[in-house]
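Each chain, letter by letter, is given below.
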Amino acid sequence: MNRPDLVCPAGTPAALRDAVVAGADSVYCGLQNATNARDFPGLNFSSSELERGVGFAHDHGSKVLLAVNTFPPAGKFDVWKEAIDLGVKIGVDAFIVADMGVAEYAAQTHPRARLHLSVQAAAANPDSIRYYCQEFGIKRVVLPRILTVQEVRELAAGVPCEIETFIFG
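The written sequence of each chain sets the order in which its residues are numbered from 1. Thresholds applied to this predicted model are a pLDDT of at least 70 for local features of residues and 80 or more for the giving and counting of side-chain atom pairs; totals over whole chains, interfaces and linings are not thresholded and use all residues. Side-chain descriptors were evaluated using all non-hydrogen atoms of the structure, hydrogens and water having been removed beforehand.

**Q** Give a detailed account of the layout of surface pockets, specifying residues and quantitative values.
**A** Using a grid of 1 Å spacing that covers the protein atoms alone, one calls a set of points a cavity when a 1.4 Å probe fits there but cannot get out, and a pocket when the set is open and has protein on both sides within 12 Å along at least five of seven lines; lining residues are those with an atom within 4 Å of a point. Grid points are joined across faces, edges and corners, and a volume is the space filled by probe spheres set on the points. Roughly 500 Å³ of internal volume is contained in the largest pocket. Tyr28, Cys29, Arg38, Ala67 and Ile96 are the residues nearest the centre of the largest pocket, which is lined by 27 residues in total. Where helices and strands are cited, they refer to DSSP runs of H or I of at least four residues and of E of at least two residues respectively, numbered from the N terminus. Residue assignment for the lining of the largest pocket shows that the elements contributing at least two residues are α1 (14–21), β1 (26–29), β2 (63–68) and β5 (138–142). Here the lining of the largest pocket gets four residues from one element, more than from any other, and that element is β1. Here the term charged refers only to Asp, Glu, Lys and Arg, the term nonpolar to Ala, Val, Leu, Ile, Met, Phe, Trp, Tyr, Cys and Pro, and the term polar to all other amino acids, Gly among them. Taken together, the residues of the lining of the largest pocket sort by class into 15 nonpolar, eight polar and four charged. As for the second largest pocket, its lining consists of Asp25, Ser26, Lys63, Leu65, Asp93, Ala94, Arg114, His116 and Arg140. Classifying every residue of the lining of the second largest pocket gives two nonpolar, two polar and five charged.

Structure follows, in C-alpha cells:
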C-alpha cells in the first residue's frame, strides 16, 4: 500500500494512520481504560478515535484488532462488556481476549465476533488451547513468549486454530 497521500479524517490516531499508510494489513489497539494490557497515557484510543480509526483502516484494506486482554476485578465487569459491545458496533475485525469471562461474554452476546486468545492467557499446551477453541470459538491463539521453536511446531500441529507468536532477537 505505502500511500502517504491518503486523506485521513481529523481525530484519527496518528499511529494507526501511519501503520495503515505504511501498508500494515492489520493493526491492534486498545481503549483508554483498564481493558487492555497496555493502558499507558497517550498510547490508546478514545471511543470516537477508535471508531474513526476503524473506518480509516477499513477504507484502506486494513483490519483492526481490539485488545480487551486484561482481567476484570470483581464488580467491575461492565467496562469490559462495554469494550466488546463498542468494538462490535464499530466493526473491529477481532478481539484479543485473556479472561474466560470476557471470552464467554463476547462469544455468547456476539457469536459472530472473531476472538483471538491473548498471550496474557498463557495457553501453552494443546489441551488448554483446544478448550478455548471449543468453549469460546477462539480462532487464533497468541502463544506465550517462553515457548521454544520446537514447542511452537508441536503446538501448531495439535490445535484447531491459527497461532501467533512473538519472536525475540
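Let's pick the thread back up.
**Q** A description of the pattern of salt bridges should follow, citing residues and the corresponding values.
**A** What makes a salt bridge here is a side-chain nitrogen of Lys or Arg within 4 Å of a carboxyl oxygen of Asp or Glu, nothing more. In this structure the tally under the stated criterion is five salt bridges. The salt bridge involving Asp127 is made with Arg130; its shortest N-O contact spans 2.6 Å. Here Asp127 pairs with Arg130, and both are found in helix α5 (residues 126–136), just three residues apart, close to one helical turn. A salt bridge links Glu164 to Arg140; the nearest nitrogen and oxygen atoms lie 3.2 Å apart. Within this pair, whereas Glu164 is found in strand β6 (residues 162–164), its partner Arg140 is found in strand β5, the two being separated by 24 residues in sequence. Relative accessibility decides the category of a residue: with a 1.4 Å probe and only protein chains considered, values under 20% of the type maximum give buried, values over 50% give exposed, and everything between is partly exposed. Classification of Glu164 as partly exposed rests on a relative accessible area of 33%. Because the salt bridges share partners, they merge into one network encompassing Arg114, Arg140, Glu162 and Glu164.

**Q** Summarise the pairing of β1; cite the residues concerned and give the values.
**A** Only one face of β1 is covered, namely the face carrying Val27 and Cys29; the face carrying Ser26 and Tyr28 is uncovered. Sheet analysis places β1 next to β2, joined by four bridges and oriented parallel. Opposite Cys29, over in β2, you have Leu66 as the bridge partner. Only when DSSP finds a minimum of two bridges between them are two strands counted as paired.

**Q** Requested: an account of the environment of Thr35, with residues and values cited.
**A** With respect to the secondary-structure elements, Thr35 resides in the loop between β1 and α2 (47–59). In this structure Thr35 comes out as buried when scored by relative accessible area, which is 0%. Taking the C-alpha atoms as reference points, Thr35 and Pro72, separated by 37 residues in sequence, lie 7.6 Å from one another. Within polar-contact distance, the side chain of Thr35 engages the side chain of Asn33 at 2.5 Å. Whenever a nitrogen or oxygen atom comes within 3.5 Å of another N or O atom, the pair is scored as a polar contact, on the condition that within protein one atom can donate a hydrogen and the other can accept it, and that pairs from neighbouring residues in sequence are kept only if both atoms are in side chains.

**Q** Quick one: what's the story with α2, residue by residue and with numbers?
**A** The end-to-end C-alpha distance of α2 is 18 Å, a good match for the 18 Å that 13 residues give at a rise of 1.5 Å each. For α2, the set of buried residues is Leu50, Gly53, Val54, Phe56 and Ala57. All buried residues of α2 project into a common sector of 165° when viewed along the axis, lining one side. The elements touched by buried residues of α2 are α1, β1, β2 and α3 (78–90). Two residues or fewer after α2 comes Gly61, characterised by a positive phi angle close to 80°. The span expected for a helix works out to 1.5 Å for each residue beyond the first. The reported arc concerns the directions from the helix axis to the C-beta atoms and nothing else. The contact criterion used throughout is that any non-hydrogen atoms of two residues lie within 4.5 Å.

**Q** Describe in detail the sheet that holds strand β3 (residues 94–97), supporting the description with residues and values.
**A** Whether parallel or antiparallel, the strands of a sheet pair through hydrogen bonds between backbone atoms. With parallel pairing, six strands are arranged side by side in an open sheet as β1-β2-β3-β4-β5-β6. Taken across any chain shown, the strands that pair with only one partner, and hence form the sheet edges, are β1 and β6. Averaged over all pairs of adjacent strands, the angle between their axes in this sheet comes to 25°, without regard to strand direction. Only the contacting stretch of a helix is used when fitting its axis, a line to C-alpha atoms as for every element, and angles between N-to-C directions run 0 to 180 degrees. Contacting β2 and β3, α3 crosses the sheet at an angle of about 170° to β2.

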